[in-house]
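Close look at the chain arrangement
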Amino acid sequence: MELKEFIEKLAEAIEVEDANILNESTNFRELDEWSSLSVMLLIAFYDEEFGKQIGDADIKKCVTVGDLFNLANK
Amino acid sequence: MAMLKYEGVGITAMAAAVPHTIINNYEYTQYFPAEQVKEVVDKIGVYERRFADADTCSSDLCYAAAEKLLTDNAVDRNEIDLLVFISQTPDYRMPATSILLQHRLGLPQTCTAFDINLGCAAFCYGLSVIYGMMQSGGIRKALLLDGETRSKVYSPKDRRSAFIFGDAGVAALIERDPKFGISYFSLNSDGSRGDLIMIPGGGYRHPSSIETLKEKVVDEYGNIRSDEQGYMRGGDVFNFVIREIPRNIKQTLEFAGIGTDDIHYFVFHQANNFINSYIAKKMKLNPAKIPSTIAKYGNTSSVSVPLTIVSELRNSLFGERTLLLSAFGVGMCWATGIVPFVDCKISEIVEV
């Protein structure tokens, strides 16, 4: 999956209305939409889109949207 | 792989009791701002819960449910040869609560009674243990009591668990009868994930002390709890559940030689609505076959599966019905059961 498509799907998954505010270097924890529950949405997103089992610890290591993208392609 | 099969045993009657105090989750704002609470509540789908008061234990809820069941069905108490009590919120550290309930319910001293301490998946374990014992032939009727007061376990100042849990008790009468076909169970354990859901203090590894009773800030979100209160690593639990639960359901269906179309109702542990919706979507299950009580009773741990049957299927279990029961929880420990119901008598829920 290309970065652009990833960002669009990620935005939908974590309920960010306008995907255009996201880019590779966005710190996703600073988004208004981010909450402790977003981790569940992300875990579901990786399971659904990539068939990947991602845990809390994996997400903790990520800072930017680019990190999340790399996690999907690992 | 523990796959179990029993024949000619089943649940003939059920009853449930819930505390009378209703917690409206939107208004549970003592420690967190209302808009934050609303966001969490909408996502987990728990709008109301029942909280037991300081003097009410799991056993009291089960006692009320059992009295209702025994009275409604005019059961001869002398014919109850087995009582199993499922709970992680017992009356005392000893003796076993089941023994006290034997006396309180006026059951004979020849009745076998013991507790099962296991957590959210325990109802299937309880059924499996009782079905197995009943096949020995020496037990006429068995009473399975399943009660939890989880409201007393978690910190109201830890938003990861403050809005989820509620209290309830259920009683199920189990009898031998050729009208019941085969029941199938798969029971599983993964102790490597023992730290995902835990109350670390107050056992014998970390006995109660001033230290275990101290409230502490435990994470970057400012959540507060003591070591004698439960915690839950929700993300890791979720990650585990979305992989293992669909897999276990498939394995058990295969073991029974049937498909999802043969199941009349899927009764899931009411963990939170987010998890259950996700599993249903992932497994492409018909939502009309999935009764839910998460909105009105929250997560009542091991009670959630039987409570959902009593609350939602009271008028739907006439004739022969096949139910698939699926639950997971602390341990981790997870179970699937495929059980026949034949004209099960379900009493109205009582308030305590």
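Residues numbered from 1 in each chain as written. Chains lettered and ligands numbered in written order. Predicted model: local features only at pLDDT ≥ 70, side-chain atom pairs only at ≥ 80, totals over all residues.

What to know about the overall build of chain A
In terms of helices and strands, chain A carries 4 helices and 0 strands. For chain A, the succession of helices and strands along the chain, N to C, is α-α-α-α. Its C-alpha atoms give chain A a radius of gyration of 11 Å, within 12% of the compact-globule value 11 Å for 74 residues. C-alpha atoms of chain A, sized along the principal axes, occupy 25 × 25 × 20 Å. Long-range contacts, defined as pairs at least 24 residues apart, comprise 55% of the intrachain contacts of chain A with a sequence gap of at least 6. (Helix = DSSP H or I, 4+ residues; strand = E, 2+ residues; numbered from the N terminus. Rg over C-alpha atoms; globule rule 2.2 N^0.38 Å. Contact = placed C-beta atoms within 7 Å.)

Re the nonpolar core
Residues and elements named next belong to chain B. Ranked by internal contacts, the top residues of the largest apolar core, which has 128 residues, are M14, A65, L83, A121 and A171. Counting residues per element, this core draws most heavily on helix α4 (residues 122-134), which supplies 9 residues. Setting aside residues up to four positions removed in sequence, L83 forms contacts with S98, L101, Q102, L107, C111, A113, L143 and L145. (Core = buried A, V, L, I, M, F, W, Y, C linked by C-beta atoms within 7 Å. Buried ≥ 20, exposed ≤ 12 C-beta atoms within 10 Å, placed from the backbone.)

Concerning helix α6 (residues 234-256) of chain B
All names here are of chain B. The first and last C-alpha atoms of α6 sit 32 Å apart over 23 residues, in line with the 33 Å expected at 1.5 Å per residue. The largest bend in α6 is about 30 degrees, located at V241. The set of residues buried in α6 consists of G234, G235, V237, F238, N239, F240, V241, I242, I245, I249, T252 and A256. Where α6 terminates, the next one or two residues include G257, which has phi positive at roughly 70 degrees. (Expected span 1.5 Å × (residues − 1). Bend = angle between axes of the 7 residues up to and from the residue.)

Points about helix α2 (residues 38-50) of chain A
For α2 of chain A, which comprises 13 residues, the first-to-last C-alpha distance of 18 Å matches the rise-based estimate of 18 Å (1.5 Å per residue) to within 8%. Burial in α2 of chain A covers these residues: S38, V39, M40, L41, L42, I43, A44, F45 and Y46 of chain A. Packed against the buried residues of α2 of chain A are α1 (3-13), α3 (56-60) and α4 (65-73) of chain A together with α6 and α7 (273-282) of chain B. Directly beyond the C-terminal end of α2 of chain A, a positive phi value near 60 degrees is found at G51 of chain A.

A word on the sheet that holds strand β14 (residues 265-268) of chain B
Residues and elements named next belong to chain B. Read from one edge to the other, the open sheet built from 5 strands follows the order β1-β9-β16-β15-β14, with strand pairing classed as mixed. The open sheet is flanked by β1 (3-7) and β14, the only strands paired with a single partner. Here the average twist between neighbouring strands, direction ignored, is 20 degrees. Here 4 bridges tie β14 to strand β15 (residues 320-329), and the two strands are oriented parallel to one another. Of the residues in β15, the one forming a bridge with F268 is S326. (Pairing = 2+ DSSP bridges. Axes fitted to C-alpha atoms, helices over the stretch in contact; angles between N-to-C directions.)

Considerations on the environment of Y26 of chain B
All names here are of chain B. Topologically, Y26 is positioned in the loop between β3 (21-24) and α1 (34-44). Separated by 228 residues in sequence, Y26 and E254 place their C-alpha atoms 42 Å apart. When near neighbours in sequence (up to four residues on either side) are disregarded, Y26 contacts V37, K38 and V41.

Examining the interface of chain A and chain B
Facing 12 residues of chain A, the contacting portion of chain B comprises 16 residues. Here the side of chain A that touches chain B takes 5 residues from α2 of chain A, the largest share from any one element. Among the residues making up the side of chain A that touches chain B, the classes are represented as 6 nonpolar, 4 polar and 2 charged. (Nonpolar A, V, L, I, M, F, W, Y, C, P; charged D, E, K, R; others polar.)

Here's the deal with unusual backbone geometry
All names here are of chain B. Cis geometry is adopted by the peptide bond preceding P95, which originates at M94 and carries an omega value of 0 degrees. Here P95 lies in the loop between β5 (80-86) and α3 (97-104). The amide bond that connects G331 to the next residue, M332, takes the cis arrangement and shows omega of -10 degrees. Its place among the elements puts M332 in the loop between β15 and β16 (333-342). Backbone geometry at A74 places phi at a positive 45 degrees, although glycine is not the residue there. Position of A74 relative to the elements: it lies in the loop between α2 (58-72) and β5. Judged by the 6 C-beta atoms lying within 10 Å of it, A74 is exposed. A positive phi angle, close to 45 degrees, is found at D343, a residue other than glycine.

Comments concerning the environment of A122 of chain B
All names here are of chain B. Among the structural elements, A122 can be located in helix α4. A residue is classified by how many C-beta atoms lie within 10 Å of it, and A122, with 28 of them, is buried. The sequence separation of A122 and S301 amounts to 179 residues, and the corresponding C-alpha distance is 8.7 Å. In this structure A122 touches I86, I116, D146 and S302, once residues within four positions along its chain are discounted.

Looking at the pairing of strand β8 (residues 167-176) of chain B
Residues and elements named next belong to chain B. For β8, a buried count of 8 out of 10 residues is recorded, marking the element as mostly surrounded by other parts of the structure. By the bridge criterion, 8 bridges tie strand β2 (residues 9-18) to β8 in an arrangement that is antiparallel. Across the sheet, residue A13 finds its bridge partner in β8, namely L173. Pairing geometry for strand β7 (residues 141-149) and β8, over 9 bridges, is antiparallel. Looking at the pairing, D146 lines up with V170 of β8.

Here's the deal with the pairing of β5 of chain B
All names here are of chain B. Of all 7 residues that make up β5, 6 are buried, and the element is covered over most of its length. Looking at chain direction, β5 and β7 are connected through 6 bridges and run parallel. The residue bridging F85 from the neighbouring strand is L145, located in β7. Here 5 bridges tie β5 to strand β6 (residues 112-116), and the two strands are oriented parallel to one another.

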